[in-house]
Each structure stands twice: as C-alpha cells, then as structure tokens.
Protein chains: 4
Amino acid sequence: MKGRSDLQQRLERIVFGTDTRAGRLFDVVLLWTILLSVALVLLESVHEVRVRYGPWLMAAEWTVTVLFTIEYAVRVWVSRDRRRYVLSFYGLVDLLAALPTYVSLLAPGTQALSIIRAIRLTRVFRILRLTTYTREASHLLLALYASRHRIIVFTLAVLALVTVFGTVMYLVEGPSHGFTSIPRSIYWAIVTLTTVGYGDIAPRTALGQALASAIMILGYAIIAIPTGIVSAEIARQERQRRVLTCTTCGAGDVQDDARYCPQCGAPMKGA
Amino acid sequence: MKGRSDLQQRLERIVFGTDTRAGRLFDVVLLWTILLSVALVLLESVHEVRVRYGPWLMAAEWTVTVLFTIEYAVRVWVSRDRRRYVLSFYGLVDLLAALPTYVSLLAPGTQALSIIRAIRLTRVFRILRLTTYTREASHLLLALYASRHRIIVFTLAVLALVTVFGTVMYLVEGPSHGFTSIPRSIYWAIVTLTTVGYGDIAPRTALGQALASAIMILGYAIIAIPTGIVSAEIARQERQRRVLTCTTCGAGDVQDDARYCPQCGAPMKGA
Amino acid sequence: MKGRSDLQQRLERIVFGTDTRAGRLFDVVLLWTILLSVALVLLESVHEVRVRYGPWLMAAEWTVTVLFTIEYAVRVWVSRDRRRYVLSFYGLVDLLAALPTYVSLLAPGTQALSIIRAIRLTRVFRILRLTTYTREASHLLLALYASRHRIIVFTLAVLALVTVFGTVMYLVEGPSHGFTSIPRSIYWAIVTLTTVGYGDIAPRTALGQALASAIMILGYAIIAIPTGIVSAEIARQERQRRVLTCTTCGAGDVQDDARYCPQCGAPMKGA
Amino acid sequence: MKGRSDLQQRLERIVFGTDTRAGRLFDVVLLWTILLSVALVLLESVHEVRVRYGPWLMAAEWTVTVLFTIEYAVRVWVSRDRRRYVLSFYGLVDLLAALPTYVSLLAPGTQALSIIRAIRLTRVFRILRLTTYTREASHLLLALYASRHRIIVFTLAVLALVTVFGTVMYLVEGPSHGFTSIPRSIYWAIVTLTTVGYGDIAPRTALGQALASAIMILGYAIIAIPTGIVSAEIARQERQRRVLTCTTCGAGDVQDDARYCPQCGAPMKGA
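Residues numbered from 1 in each chain as written. Chains lettered and ligands numbered in written order. Predicted model: local features only at pLDDT ≥ 70, side-chain atom pairs only at ≥ 80, totals over all residues. Heavy atoms only, no water.

(A) The arrangement of the overall build of chain A in detail. On a plain count of helices and strands, chain A comes out with twelve helices and two strands. Taken from N to C terminus, the helices and strands of chain A fall in the order α-α-α-α-α-α-α-α-α-α-α-α-β-β. The proportion of buried residues among the 271 residues of chain A is 46%. Considering only residue pairs separated by 6 or more positions, chain A has 52% of its internal contacts joining residues 24 or more positions apart. Here chain A has roughly 13,300 Å² of accessible surface; of this, 67% comes from carbon and sulfur atoms. (Helix = DSSP H or I, 4+ residues; strand = E, 2+ residues; numbered from the N terminus. Buried < 20%, exposed > 50% of the residue type's maximum accessible area, 1.4 Å probe, protein only. Contact = heavy atoms within 4.5 Å. Areas by Shrake-Rupley, 256 points an atom, 1.4 Å probe, with all protein chains shown as cover.)

Below, the structure is given as structure tokens:
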C-alpha cells in the first residue's frame, strides 16, 4: 500500500477513533442519522404514513442513503488495511446500510423492497458498538459471558421440559382444543412456562388445566435460576472490584481486609 | 421581604416541617385529603357513579378544592422566600391541585374537564414526597440511582432487540396476521419479551411461532439482568451500612455491634 | 377452674402438642381430614360432580363435620384456659370449620350455602400453622418481615405509578377502546405492569401502544426491586448463620474469620 | 456370569463410558440420533407433514428404531450385571425407545400410536444425563437440591393462597362470568398469580377486578422469594468454592490465588 496522506490520517482519527472532539462529534451525528434511517424504515411500513407522506419519506430516504454512501467511501479510503475493513463485520454492515435503496431502483416491488430494507436495521448494532465502549455495558456482557455455560444448561433444561409438557398436553387436550400438533403444543408450553400467556391456545379439559397449572407454577419458580446465576456473577464482579493494590509488589487484587499482601507477604499499608 | 410574624413562623413549622406533633398531624390529614380528592377523580370517571351520585361528588369536589386553596394561600403566606416556593415543582403542583375545579366553571364540557382533572393526580407525588423522608424509600432510590447507567444500557439493549425482532416478525407474519406495520410488530415484540402477552396479536405461521418462542425464552432469561444489577447494589449497600473502622489497627469491616476489633483485639470506640 | 383429670392432660399433649408420637400422628391425620374437607368444597362447586355424586358428597361432608365437631369439643374440654382458646383465632376457625354444615340444615339454598362453605377454606391456615413449625418457613417469613418496610414502600410506589398511567391511558384511549373509566384503566395498568396481560383490555391507538410499551418495559425492569430486597435479606440471614460462638463469653454471632471475640476481646479458639 | 470377552470390555468402555475418544464420539452420535427421533415424533403429529412426507417419515422412523434396537442389544450384551442394567431406569427407557414402532405393527391406529410414541420422548432424559456430567449443571442441581425445603414451603404457601383467592373469586364473580366452579377459579388464580394471564377467564365486576389487582401485585412481589432463595444459595456455593484454609494460622477464607495467608503472612502450601 502506498504512503497515506495527512488528510487520510486526520480523517481516520475522526471516522474510526473516539479520542478526539471531532471523532466523538462524528459518532454522535452518525448515531442520530442511523436512528433517523431506522425510523424511516419503521414509518414506511405504516400504510397511512406511506400514503400521506410518501414523497417526503422518499426524499429523506435518499438523503440518508447518500450520506451513508459518502461515509462508506471515506471509511474505505482512510483505512490502513482496506481489504480487512471491507471484509470485516462492520465493513459489510456499513455497505449493506447504503445498498438497499439503490437496489430498489433496479428491482422495484414493495414486498421485496421491505425485506431488503430490514437488513438495514442491523445498523442498530453500530449503535451498540458505541455503547459497548461504556464501562457498564462491558461489565454486564462480562457477567453474561462468565455465566454462559450455566445459561446454556438452563436453556437446554427448559427446552427438554417444554418438549415433554408439550407432548403430554397434545395427548391430553388433542387437536380439537387447539393443540393441533406436538410442535404447536410445545409452542403453547413455552408461552405458558415463560409466563407470557397469549391465550390464543388455552387448555379446556380439567386435566389439561391441572397440568397447565403445574407448568405455570414451575415456570414461576424456575425463573429464579437465571436470576440467581446472573445475581451471583454480578455480586462476584462487585467483590473483585473492591480490592486494594499492594505498594510493594503491585498485585492489584488484594482483599480490602488483608493485613499482608497475599502475593508477596509484605504488610499492607493502612492495615 | 418584611419581618415575619410569630404566627407565620409557627405555621411554617406546621405546614412545611415534619419535626413537631402538629406538623406531622397536618401531613397525615393532608395525605388523606389528597387520597380522597384522587378517589373523587376516579369515581367521577365511572359513568354509573356520575349518574347516581353526581351532586354529592360535586359537593365533595368543591370542599376539597376550597381546602386546597386555603392550604396553597397559607403556604405562600408563610414561606420565607415566596417567589422560590411559587416557582418550585411542588409550588406549581399545589397550585394545579386547586385550579382545575375553578377552570371548569369558565369552560364546561366533560371531555375537556377530565383532561384537566387528571393533572391533579400529580398530587400523588406529594404523597411520595412524604414517604421519601422514610429511610427505606431513600435506600431503594439510592440503589436505583447507583445502578442508573447499567439500567439505561440494559433498556437500550432491550430496545435494540425488540426493533430487530419486530422487523423480522413483520416480514415473517405480514399484515394479514395482525402484524400490520413494523412499529406494531415492535409493540408485539415488547408485549412478548416482557412476558406480558396480551394475545391481541399472536403469530400464526410455524416460523413465526418458532421465532416468538425464541423471544419468549430470551425475555424469560434476560429478566435476570436488571434483577442481578439491583440485587448486587442492595447487597453492597447493606454491607457498607453494617461496618465500622477500627481506630487502632484500621480494619475497615468491623461489624457495627462489635465491642472489640476482630483483627487486633483493641476495644472499639463508642461500643 | 376445677382440677384437671389425667385423661385431660394426656389428651392435651396429643391434641395441642407436637412433641409425642401420638401428637404428631394426630396432626397428620387432621391435616389429611382438612385437605379432604377442602376437596369436598371444591368438588361440590363443580356442577357435573354435584349432579352425579351428590349423595356421596353429602355423606362425606357430614362425616367430616362430625369429626370436626368432636375435635372441637375435645379441644375445649382439655384446654387449660377454655375462654382463651375459644376466643383465640384458631378457636374461632375450629368452630367455623364445623358450623356451616349445621347452618345449611336450617337455611337451605345453594347460593347462600356456598358462601358459608368458603369460610371453611380458612382451615388451610391450620395447615400453614403446621408448616410454620418447620425451620425454613420461619426463615422465609423472617426475611419477609425484615423487608416489610421496603416492600410497603415499593407497593405504594407501584400503586402511584399505575394510578398515573391508568389516568393517562383513560385520556389517550378513551371509553370506546375499553378504557371505560379511570378505575378500569388502573386495573389495565396493573394487569400490564405486573406482566399478567389478560388481553381483555388492550390499547388500539399508536400513542396508547407506545405508552403501554413504556409501562411494560418499566414493569419488566422494576420487578428487580422486590427481588433485590428479598435476595439481599436472605443473603444477610445466611451470613449471620455462618458464625462461631465464643467459648469465653458465649457471644453467639462471631464472624468465622475473626481472630478475637468482638464482644469480650478473648482470642477465638481455632483461629 | 461367564467370563467377559475382550470385545465386550472394549465395547463397554465405548457404550457406557465417556473417558475415551470413541466413547465420547458414541455419545455425540447417540445424542443426535435421539434428537432426530424426537423430531420425527414432532413432525408426524403435524397433519400437513404426515400427508406429504408420510413414507419418508416411516422410513426414517424404522431406521432409527433398528439403530436403537441394535444399541439396546449391545448394551445388554456388554453389561457386567445384565439384570441390573435391564431393570435400571435407563435400561427401561432404552427398551421403550425402540419398542413402540414394533408395537404399532401389531396394533395399528393413529391415536393409540401417538400415545405410545410420546413415551419415547423420555429419551430426552438421556440427553440430560449427558449434560449432567458437566460441572455447571450439577452446580445448579445442587443449588436447587440445597434449597428444596424452602421451595416446597414456598410452593405450599402459593397453593394455599390460590385456593383462598380462587374460592373468593368464585363467590364474587360467579359461574355467569366464566368462574364456573372453585377448581376452575383456582386455575384462574394460578394463571393470574404466576403472571401468565391467558385471558380465557377474566373478572368483569369492579370488586372482582380489584381482587384480581391485589392477586397480581402479590404475584409480582412474591416472585422475589424463589429468586432470593436460589440467588443466596448460588452465591453461597460460589463463596465456598473460592477459599482455602491456611495451615499455619488456620484462617479459613483465604482466596484460592493467594500465595501468602492474609491473616498471618505465612506462605500458602501449593501456591
């Protein structure tokens, strides 16, 4: 790759970085533009809005699309490793943010269009990318990541439970009461166990209602498990953060009630 | 401002203060009057009650209004800094508590009236102001305040999730199954993720029900996150409140009922 | 009161006590009889069962009633302080457990009967009295009792929230969409905030659905508060139970990492 | 029992063990075959699928059945104590996994068939048996097991509550509003207390809706109890797992990454 100009380097700090005033401003403006573009997709799907404000929406749509196109071009131009950016997850998302509106010119048709437009909503992930920088979000993600094995085990147990309950309810209630197939009965069991309870399918026999009651009380009780997992994990992280640093060896995780550093054995200052 | 009379000072302690017997009695009477006035607004909105007890409600309404007017006048009269009280949040709420009934004389009409009356319900905040003085309420608010960054991050993540899920469900189920627009699909996703589940909109295709099942299990699992955040915060506050620091050895986690430091054996001060 | 016979004293230990084999057996038999009598009330309310097994239910009903009458007479006879037992809560419940069936002879009529029968269900409290003796139940009740101020504050805040939200939704949706009065709108707000979501009333305007979404997310988030309160309380109890007893002064709540007794300053054994 | 051949011993390690590469591979293949066989039962219950892909499903069904038959025969052949395996829980489940398809040849008829097929879903437990080996699952089960007394007490209290509330609602709303019997009213109370809220039965009188509101707020609040129980238990386990005991001073809460005891400064063994 040839030498990069001064403009490229300055733009790179603004477009990709968040450590300068201009870089932060760029991110905030981009955030609002993405939110506006998402709002446009939402509004275009409402029939009354489309009928009344169609041309205005179209104009706003093209404005946003042109802005995203310029942004994508700038990002490619200023990247140190263009190939890597273009093929990265956000490189693809940035491209897909602008593409659908152009495609709609070549292949018109409402249904097809709206499907392509939906992909643009992955821009929401760009917003998440911004918040991920905040400390708290990463703490929560860490807590979830540390609990991932337990959450998977819990989810598998829930799936096994709803499969068994769904099958039993299919046999008890039968197709005439809305439990037309085992998958549909499992769907009902999930709706019930998670305490959502649409009511589009509901047991009508006494035995079915007794079984449903058992599932509900079970669902009401086992919600304690994911909550307990995450609570314990967050509490553990909190505890680890309330630590002192040893001034002798620099160990950074000394409990605040220790009289001697657990890493080097030197007495702790202030203890 | 001119010198304040003895009566003004005595009334100020009663009306604004809570440290005298008369002051506490005033607050309790006021609390019940506010609850009564709120009950009147509720009852007036019920058609059968309005038809049968209309005159009685009207009489009670005016009694409460006159009491609130007197109270407001007294509060203004006894305030040290009248301008500050009148323009403060509760100064405005106190005024708005009495005003709507007078306005209803000038501008009659049921619909308009009830809208104005609703503002009076902000008097509920005055009740909350009283309970805020209690220790426990402020502890809970502190726990929520300390967790505000995490709760905002969590709410943003939930909003991003329901936007994505709502759009996908709009494409999967389509307008013919009740998912008439993306905003409406997002409304459905919120109803489902929060496990409310009205059932006014429910997926009917197999793919839609499978997706809905995924959202439900997700919603059932991620409720653990706000719970974990608040649990950890309350536990942290509990811990901080129950410890003293030993002045001899500096141990910072001595239980508040200890008479001797558990680390160095020196007697605790004040025990 | 005249001298109590040997039989009276033996029966008292059986009927009121739980420290003898016979006493425990009596409690278990009584528990099952109460459950049976409750089941009878449940079954009698089912129309098909009443039509088919009416005479059998009547026979079982009278058997249980006679047993409860004998039990009540024995309890009165063996009591040390008869007046105190008869006027105590369980004295009244024991009487009301037998009475309704006799009253039904004098005043027949299905509707009236069933109302009186419902009182018998308070016998369930007698069952609870038995479980209260178990250690775990009293721990849970202690945790709830210790958290009572916070739970009341939380409930008041929830009531204030649903009152405000209910009124706003009444104004936004109006009687034509099912929100016929403010109390009914508050009922809807409770159904929504607690994530029950019957769907008998549901918002239909875009603004109403947006507001409803806010309530749902709020309800989904603030469920964290009671959970956090109780979790912290149970964790605190757990911690207090993991304590040592000082062999010098007998203090029973020494933390298990203490080197000196916090009450008398003597070194802890084994530390 | 006669001497076991080398092949029997090698097969036993593969079929029953999980400590060899072949044994783990066998378990994974078996897991997928079970999932496939469960999926076949689910699909066969869907009317459209049965009509269109009937012969294919039948072929897959018989393939799976033959595989399970061979597996069962091998398990019996290689067992050290055949009688014990055949009569064990998983011995019976392994047999029942293969049997229904053969039985369907002798006794055809869709309804009867599907009932027998449902038993096969207990194969899901075999999947759970595999995950039980994982550390996290056993931790969760331990936490649940340690909390079993509390969870039972809580469930009994919930059952007592819904019985009382169900009976009161039966008297308040009556059969004309859908509360046709006390058991059905209790079913409604469970649906409401657990915040499922189908909406198939909903109170219509003002008093009924007020009572329902009380049940909902209660249900919303007491979900804190199981959550608090499990949270405290998981947190307790976490704490116990992360500590060592100092062999010099006997301090029992040394973090497992400490090299020196924080209480006496002596080096920790094994660090």
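(B) Structural view of the pattern of salt bridges. Residue and element names in this part refer to chain B. By the definition in use, this model includes twelve salt bridges over all chains. One salt bridge connects Glu 71 with Arg 75, and the closest N-O pair in it is separated by 2.7 Å. Placement of the pair is Glu 71 and Arg 75 together in helix α3 (residues 47-78), with a separation of four residues, close to one helical turn. Residues Glu 71 and Arg 75 agree in their burial class; the two are buried. (Salt bridge = Lys/Arg side-chain N within 4 Å of Asp/Glu carboxyl O.)

(C) Broad picture of the nonpolar core. A:Trp188, B:Trp188, C:Trp188 and D:Trp188 are the most contacted members of the largest nonpolar core, which totals 197 residues. The contacts of A:Trp188, once residues within four sequence positions are left out, are A:Met169, A:Phe179, A:Ile201, A:Ala202, A:Pro203, A:Ala212, A:Ile215 and D:Tyr198. (Core = buried A, V, L, I, M, F, W, Y, C linked by side-chain atoms within 4.5 Å.)

(D) Layout of helix α5 (residues 89-106) of chain C. Residue and element names in this part refer to chain C. The first and last C-alpha atoms of α5 sit 26 Å apart over 18 residues, in line with the 26 Å expected at 1.5 Å per residue. Maximum bend of α5: about 35 degrees, positioned at Leu 99, with proline Pro 100 one to four residues after it. Taken together, the buried positions of α5 are occupied by Gly 91, Val 93, Asp 94, Ala 97, Ala 98, Pro 100, Thr 101 and Ser 104. Between the side-chain oxygen at the start of α5 and the backbone nitrogen of Gly 91 there is a gap of 3.1 Å, and the oxygen is on Ser 88. (Expected span 1.5 Å × (residues − 1). Bend = angle between axes of the 7 residues up to and from the residue. Polar contact = N/O pair within 3.5 Å; in protein donor to acceptor, adjacent residues only side chain to side chain.)

(E) Spotlight on the packing of aromatic side chains. Residue and element names in this part refer to chain A. Using the criterion set out here, one finds twelve aromatic pairs over all chains in the structure. Aromatic pair Phe 179 and Trp 188: ring centres 5.2 Å apart, planes at 70 degrees, arrangement edge-to-face. Summarising the burial analysis for this pair, Phe 179 and Trp 188 share the class buried. (Phe/Tyr/Trp six-rings, centres within 6.5 Å; stacked < 30°, edge-to-face > 60°.)

(F) Molecular detail of helix α2 (residues 21-44) of chain D. Along its 24 residues, α2(D) runs 35 Å from first to last C-alpha, staying within 8% of the 34 Å computed at 1.5 Å per residue. Listed as buried for α2(D) are D:Gly23, D:Asp27, D:Leu30, D:Thr33, D:Ile34, D:Ser37, D:Val38, D:Leu40, D:Val41, D:Leu42 and D:Glu44.

(G) Expanded view of the packing of helix α9 (residues 148-173) of chain A against helix α10 (residues 182-193) of chain A. Residues and elements named next belong to chain A. One way to put it is that α9 packs onto α10 with a least axis distance of 7 Å and a crossing angle of 120 degrees. Judged by the inter-axis angle, α9 sits oblique to α10. As for the relative orientation of α9 and α10, their crossing is right-handed in sense. Of the residues in α10, those touching α9 at Val 158, Val 162, Thr 163, Phe 165, Gly 166, Thr 167, Met 169 and Tyr 170 are Ile 182, Ser 185, Ile 186, Trp 188, Ala 189, Ile 190 and Leu 193. Considered class by class, the residues forming the contact of α9 with α10 number eleven nonpolar, four polar and no charged. (Axes fitted to C-alpha atoms, helices over the stretch in contact; angles between N-to-C directions. Parallel < 35°, antiparallel > 145°, perpendicular 65-115°, else oblique. Left-handed = near helix turned anticlockwise from the far one by under 90°. Nonpolar A, V, L, I, M, F, W, Y, C, P; charged D, E, K, R; others polar.)

(H) Layout of the packing of helix α1 (residues 6-15) of chain B against α3(B). Residue and element names in this part refer to chain B. It is at 9 Å that the axes of α1 and α3 come closest, and there the two elements cross at 120 degrees. On the basis of their axis angle, the class for α1 and α3 is oblique. Between α1 and α3 lies a crossing of left-handed hand. Contacts between α1 and α3 pair Leu 7, Gln 8, Leu 11, Glu 12 and Val 15 from the former with Val 74, Arg 75, Trp 77 and Val 78 from the latter.

(I) The arrangement of unusual backbone geometry in detail. All names here are of chain A. Even without being a glycine, Thr 195 presents a positive backbone phi close to 60 degrees. Counting through the fold element by element, Thr 195 comes out in the loop between α10 and α11 (206-222). You can call Thr 195 buried: its relative accessible area is 5%.

(J) Quick look at the confidence of the model for chain A. All names here are of chain A. Confidence in the prediction of chain A, expressed as mean pLDDT, is 77, and 75% of residues score 70 or more. When the elements of chain A are averaged for pLDDT, helix α6 (residues 110-119) gives the smallest value, 48, and α10 the largest, 90. In this model, residues 109-114 is a region of pLDDT below 50 whose contacts with residues beyond four sequence positions or in other chains number two contacts. Both scores are available for the predicted complex, with the pTM at 0.78 and the ipTM at 0.74. (pLDDT = per-residue confidence, 0-100.)

(K) Molecular detail of a nonpolar patch on the surface. Residues and elements named next belong to chain B. On the surface, Val 66, Ile 70, Leu 95, Leu 96, Leu 99, Tyr 102 and Val 103 cluster together to form a nonpolar patch covering roughly 500 Å² of accessible area. Mapped by element, the contributors of at least two residues to the nonpolar patch are α3 and α5 (89-106). Of the residues forming the nonpolar patch, the biggest block, five residues, is contributed by α5. Here Leu 95 lies in helix α5. A relative accessible area of 30% means that Leu 95 is categorised as partly exposed. (Patch = residues over 30% accessible without salt bridge, like charges linked within 9 Å, V, L, I, M, F, W, Y side chains within 5 Å.)

(L) Expanded view of the environment of A:Ser37. All names here are of chain A. Tracing the backbone through its elements, the reader meets Ser 37 in helix α2 (residues 21-44). Separated by 60 residues in sequence, Ser 37 and Ala 97 have C-alpha atoms that sit 9.3 Å apart. At a separation of 2.7 Å, a polar atom in the side chain of Ser 37 contacts the main-chain carbonyl oxygen of Ile 34.

(M) A look at the environment of A:Leu25. Residues and elements named next belong to chain A. Inspection of the secondary structure assignment puts Leu 25 in helix α2. Under the relative-accessibility criterion, Leu 25 is labelled exposed at 57%. Residues Leu 25 and Thr 63, 38 residues apart in the sequence, show an inter-C-alpha distance of 20 Å.

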